[in-house]
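# Coordinates in review
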Amino acid sequence: MRIEPGYVEIFAAVLKELGHEPMAFPLPNTGPVSEDEFRRMLENLVSLTGEPSIALRLGANMHLGTHGLLGHAILSSRSLRQAAGLMIQYSPLQGAQGRIQLAFTGDRAILTFDPPFTVDGAPHFLIELFFAGVLAALRQLIGPLPDECRLELAYLPSMPDDVYRRYLGVDVSFGNSANRFIGPNDRIDQPLSAAAIPVAEMYRRQCERLLQDMNAKSGLGGEVRRMILDARGRFPGMREAARRQNMSERTLRRRLAEEDVSYRGIVDEVRNHLARVYLRETPLSVADVASLLGFDDVANFRRAFRKWNGCAPQDFRMQTTAQNETRSLSSDLPTSDEQTRTQLHTPPHRKTFV
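Residues numbered from 1 in each chain as written. Predicted model: local features only at pLDDT ≥ 70, side-chain atom pairs only at ≥ 80, totals over all residues. Heavy atoms only, no water.

This next bit is on the overall build of the protein. Scanning the protein for helices and strands turns up 16 helices and 7 strands. A buried classification covers 48% of the 354 residues belonging to the protein. Of the contacts made within the protein by residues no fewer than 6 positions apart, 67% connect residues no fewer than 24 positions apart. Counting only carbon and sulfur atoms, one obtains 49% of the accessible surface of the protein, whose full area is about 18,200 Å². (Helix = DSSP H or I, 4+ residues; strand = E, 2+ residues; numbered from the N terminus. Buried < 20%, exposed > 50% of the residue type's maximum accessible area, 1.4 Å probe, protein only. Contact = heavy atoms within 4.5 Å. Areas by Shrake-Rupley, 256 points an atom, 1.4 Å probe, with all protein chains shown as cover.)

Dropping the structure here:
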């Protein structure tokens, strides 16, 4: 489980909405946390607020940008099937013992969720958080949901029906055999047009961060880099890029050459940067990264990545992981004096989470 900055913002916003001062509570630290730490964080949140709708509120307030670079990857998906696959496979709520399954029966898509653990004081917390978050993400990807969408839950309600309807936005029934969302599958393979997907504020921030990480210069080259990121994985060709810049292909090529860059070079630069970021900071598989970057064959992606970086994608991920672990270990080691004081006088440190 990884706590993204967007999650902390959602926690703070919901606490404020409930009449609590966020600064009075120990908000979670960003970065990786264990499943046990995540569970304790949720139990503390339930105990502190005493609000039965807290999970629904958190999930409904989320958008894809909340999930950091994983959300960026989902927003870059070319179809709802690909986006759903990423959401399911890499959902942090699946945990070690949970299960998320997407099945197709006739003209229906069925998303089933079994939580990895229960939260003391709110046994259905993860179920309500998961489905509220999924429904919010679906609306961001395709807009209003079809009327035939419904949610079946395997427990009895603990709140009035209108509370569930308010935060989930679909018909909900209780006492079923499984926790599952059911909807039509007629749009599952239709392209997700970038123009039709609302631009989330967190997505914009991620694009700005990626541009800063690339040290993107000003001028036309910088504008083209921004346009490519805004296209969310579609990587428009030269003709479309020129049209978006209100100039001919010849003029675009000439002006980029004046900045000592080429359109193909910028596309490869953005692709390589996104590849490195996804491999370094998300759990996305090499095949998923290749697909998001527009490679129809993962072997072609591996060849391109080796050409750009001098190593295979999996080797890059392993090297980066090892470097991060070494830096983390070094930063956690006290000096000899500090170690002596810690061992003799200081009780074991335990992080406090909401």
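Ranked by size, the top nonpolar core spans 103 residues in total, and within it F125 and L141 carry the most contacts. Per-element tally for this core: the top contributor is helix 6 (residues 125-142), with 13 residues. If we skip the residues at most four places from it in the chain, F125 touches L42, L45, V46, I54, A55, L58 and V119. (Core = buried A, V, L, I, M, F, W, Y, C linked by side-chain atoms within 4.5 Å.)

A word on unusual backbone geometry. Within the chain, N246 stands out as a residue other than glycine whose phi angle is a positive 55°. Of note, N246 is situated in the loop between helix 10 (238-244) and helix 11 (249-258). For D260, which is not glycine, the phi dihedral falls at a positive 60°.

Strand residues, when the strand is regular, have side chains that alternate between the two faces of the sheet. Summarising burial for strand 4 (residues 108-114): 5 of the 7 residues are buried, a large majority. In terms of strand pairing, strand 3 (residues 99-105) meets strand 4 through 7 bridges, oriented antiparallel. In the strand pairing of strand 4, A103 is matched with I110. Count of turn residues in the strand 3/strand 4 antiparallel hairpin: 2 residues, of which G106 carries a positive phi of about 60°. (Pairing = 2+ DSSP bridges.)

This part is about the packing of aromatic side chains. The description of an aromatic ring pair uses the distance of the two centres, along with the angle that the planes make with each other. Scanning all chains against the criterion turns up 10 aromatic pairs. Arranged with centres 4.2 Å apart and planes meeting at 20°, the rings of F113 and F130 form a pair that is stacked. Of this pair, F113 sits in strand 4 while F130 sits in helix 6, placing them 17 residues apart in sequence. With a relative accessible area of 0%, F113 lands in the buried category. Between F130 and F131 the ring centres are 5.1 Å apart and the planes differ by 75°, which places this aromatic pair in the edge-to-face class. The residues F130 and F131 share a single accessibility class, namely buried. Through successive ring pairs, a cluster of aromatic residues spans F295, F301, F305, W308 and F316. The ring of F235 is capped by R271, whose NZ or CZ atom sits 5.2 Å from the centre of that ring. (Phe/Tyr/Trp six-rings, centres within 6.5 Å; stacked < 30°, edge-to-face > 60°. Lys NZ or Arg CZ within 6 Å of the ring centre and 35° of its normal.)

Taken as a whole and judged by the stated rule, the model has 16 salt bridges. Note that R99 and D114 form a salt bridge whose closest N and O atoms lie 2.9 Å from each other. Here R99, found in strand 3, pairs with D114, found in strand 4; they are 15 residues apart in sequence, far enough to count as distant. The partly exposed category is assigned to R99, whose relative accessible area is 36%. Across the salt bridge formed by R166 and D162, the nearest N and O atoms sit 3.7 Å from each other. A residue pair is termed a helical-turn pair when its members lie 3 or 4 positions apart in one helix, as R166 and D162 do in helix 7 (residues 161-168) at 4 residues. Residue class for D162 comes out partly exposed when judged on its relative accessible area of 47%. Several salt bridges share partner residues, and in doing so they unite D36, R39 and E43 into one network. (Salt bridge = Lys/Arg side-chain N within 4 Å of Asp/Glu carboxyl O.)

It is worth spelling out the environment of S158 at this point. Within the secondary structure layout, S158 lies in the loop between strand 5 (150-152) and helix 7. Accessibility expressed as a relative area gives 54% for S158, which makes it exposed. With 36 residues separating them along the chain, S158 and A122 place their C-alpha atoms 9.7 Å apart.

To continue, consider the packing of helix 12 (residues 263-281) against helix 14 (residues 298-309). One can describe the packing of helix 12 onto helix 14 by two numbers: an axis separation of 11 Å at closest approach and a directional angle of 100°. In terms of orientation, helix 12 lies roughly perpendicular with respect to helix 14. For the pair formed by helix 12 and helix 14, the contact residues are D268, R271, N272, A275, R276 and L279 on the first element and F301, F305, W308 and N309 on the second. In the contact of helix 12 with helix 14, the residues fall into 5 nonpolar, 2 polar and 3 charged. (Axes fitted to C-alpha atoms, helices over the stretch in contact; angles between N-to-C directions. Parallel < 35°, antiparallel > 145°, perpendicular 65-115°, else oblique. Nonpolar A, V, L, I, M, F, W, Y, C, P; charged D, E, K, R; others polar.)

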